[in-house]
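Given next are the chains, with one letter for each unit.
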Amino acid sequence: MGKLILASQSPRRRELLGLFRLPFEIRVADIDEEMDPNLPPYDEVARVSREKALAVPRDRDDIVIAADTIVVCQGKVLGKPHTEQEATEMLRLLSGRDHQVMTGMTVLRGTQEISCTEVTDIHFRELREKEISAYVATGEPMDKAGAYGIQGGAALFAEKMVGDYYNVMGLPVCKLHALLTQLAPELF
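The rules behind each value
Residues numbered from 1 in each chain as written. Predicted model: local features only at pLDDT ≥ 70, side-chain atom pairs only at ≥ 80, totals over all residues. Heavy atoms only, no water. Helix = DSSP H or I, 4+ residues; strand = E, 2+ residues; numbered from the N terminus. Contact = heavy atoms within 4.5 Å. Lys, Arg positive; Asp, Glu negative; His and termini not counted. Charge placed at Lys NZ, Arg CZ, Asp CG, Glu CD. Pairing = 2+ DSSP bridges. Buried < 20%, exposed > 50% of the residue type's maximum accessible area, 1.4 Å probe, protein only. Arc of directions from axis to C-beta. Salt bridge = Lys/Arg side-chain N within 4 Å of Asp/Glu carboxyl O. Core = buried A, V, L, I, M, F, W, Y, C linked by side-chain atoms within 4.5 Å. 1 Å grid on protein atoms, 1.4 Å probe; cavity = no way out; pocket = protein on both sides within 12 Å on 5 of 7 lines; lining within 4 Å. Points joined across faces, edges and corners; volume = space filled by probe spheres on them. Nonpolar A, V, L, I, M, F, W, Y, C, P; charged D, E, K, R; others polar.

Enquirer: Even after reading the chapter, I still don't get the overall build of the protein, so can you show me in this structure?
Expert: Counting its regular elements, the protein contains six helices and seven strands. In sequence order, the secondary structure elements of the protein are arranged as β-α-β-α-β-β-α-β-β-α-β-α-α. By sequence separation, contacts in the protein at least 24 residues apart represent 67% of the contacts at least 6 residues apart. Each charge class in the protein can be summarised by its mean position, and for the 22 positive and 29 negative side chains these summaries are 3 Å apart.

Enquirer: Even after reading the chapter, I still don't get the pairing of strand β6 (residues 112-124), so can you show me in this structure?
Expert: Consecutive side chains of a regular strand alternate in pointing toward one face of the sheet and then the other. As judged from the twelve bridges shared by strand β5 (residues 98-109) and β6, these two strands associate in the antiparallel manner. Within the sheet, the bridge partner assigned to Arg109 lies in β6 and is Gln112. Where β5 folds back onto β6 in an antiparallel hairpin, the turn is made up of two residues, including Gly110, whose phi is positive at roughly 60 degrees. Pairing geometry for β6 and strand β7 (residues 158-162), over four bridges, is antiparallel. Each bridged residue has a counterpart across the sheet, and for Ile122 the counterpart in β7 is Met161.

Enquirer: What is the right way to read helix α4 (residues 129-137) from this model?
Expert: Owing to its 3.6 residues per turn, the α-helix aligns residues three or four sequence positions apart on the same side. Every buried residue of α4 is accounted for by Glu131, Ile132, Tyr135 and Val136. With its buried residues spanning 125 degrees around the axis, α4 presents them on a single face. Opposite the buried face of α4, at more than 90 degrees from it, the exposed residues are Lys130 and Ala137. Lining the buried residues of α4 we find α3 (84-94).

Enquirer: Where do I start with the pattern of salt bridges in this structure?
Expert: Oppositely charged side chains are able to pair whenever their charged atoms sit close together. Inspection of the entire model under this criterion finds 14 salt bridges. The residue Lys52 makes a salt bridge to Asp68 at a minimum N-O spacing of 3.2 Å. In this pair, Lys52 is assigned in helix α2 (residues 41-55) and Asp68 in strand β3 (residues 63-73), connecting sequence segments 16 residues apart. Just as Lys52 is buried, Asp68 falls in that class too. A single salt-bridge network, built from bridges that share partners, covers Lys3, Glu25, Arg27 and Asp62.

Enquirer: How should the nonpolar core be read in this particular structure?
Expert: Where a protein is soluble and globular, its nonpolar side chains tend to be buried together. Counting 44 residues, the largest nonpolar core has Ile65, Tyr148, Leu176 and Leu180 as its most contacted members. Apart from the residues lying within four places of it in its own chain, the contact partners of Leu180 are Leu4, Phe20, Ile63, Ile65, Val107, Pro185, Leu187 and Phe188. Residues Val48, Val64, Val72 and Leu108 belong to the second largest nonpolar core, which totals 15 residues.

Enquirer: It is not clear to me how the layout of surface pockets should be interpreted in this structure. Could you clarify?
Expert: In this approach a probe as big as a water molecule rolls over the atoms, and the regions it shows empty are the leftover space. Size it by volume and the largest pocket reaches roughly 1000 Å³. Residue lining of the largest pocket: 41 residues in total, with Glu33, Asp68, Thr69, Gly79 and Lys80 positioned closest to the centre. For the lining of the largest pocket, the secondary structure elements donating two or more residues are α1 (11-18), α2, β3, β4 (76-78), α3 and α5 (165-169). Ranked by residue count, the leading element in the lining of the largest pocket is β3, at four residues. Considered class by class, the residues forming the lining of the largest pocket number 19 nonpolar, ten polar and twelve charged.

Here it is in structure tokens:
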């Protein structure tokens, strides 16, 4: 059997894949993660995950896992903010609203590949400007889609959630288990 490879430098994805208690390597995919705004975000996030999986160096028997996460609110795709101002604007948009966290995920082994998109619905309570400013000042929002980490300070913002909590962190582990069982049943 080949190696298990995580095509991500995300510490959260590394931590979540660790729940499987399987040895794995990190190999970062260097691709353009830009999404086509004219195509459905659900499809685009899966496409980006597939490109990440295909971009990492691998041997024929290696198993590659790649993921990409976005937040969609009122039809607008929110990736990672580039500035504190952008993070503030994203959190203002999410305040008091429903949104979806979409993680496109691809598992690749040899010539076999499966790509999918997992969706979690979240509702944020109304946020005060002071809360948004204080949260942005922590720096936590700067490397996260939608400018928040549900496992961090933004846990105080999420009033309701329907779907996989770990999807919101960036790796839907239950769905990943199903995909790995399908493509690499010997792991389990």
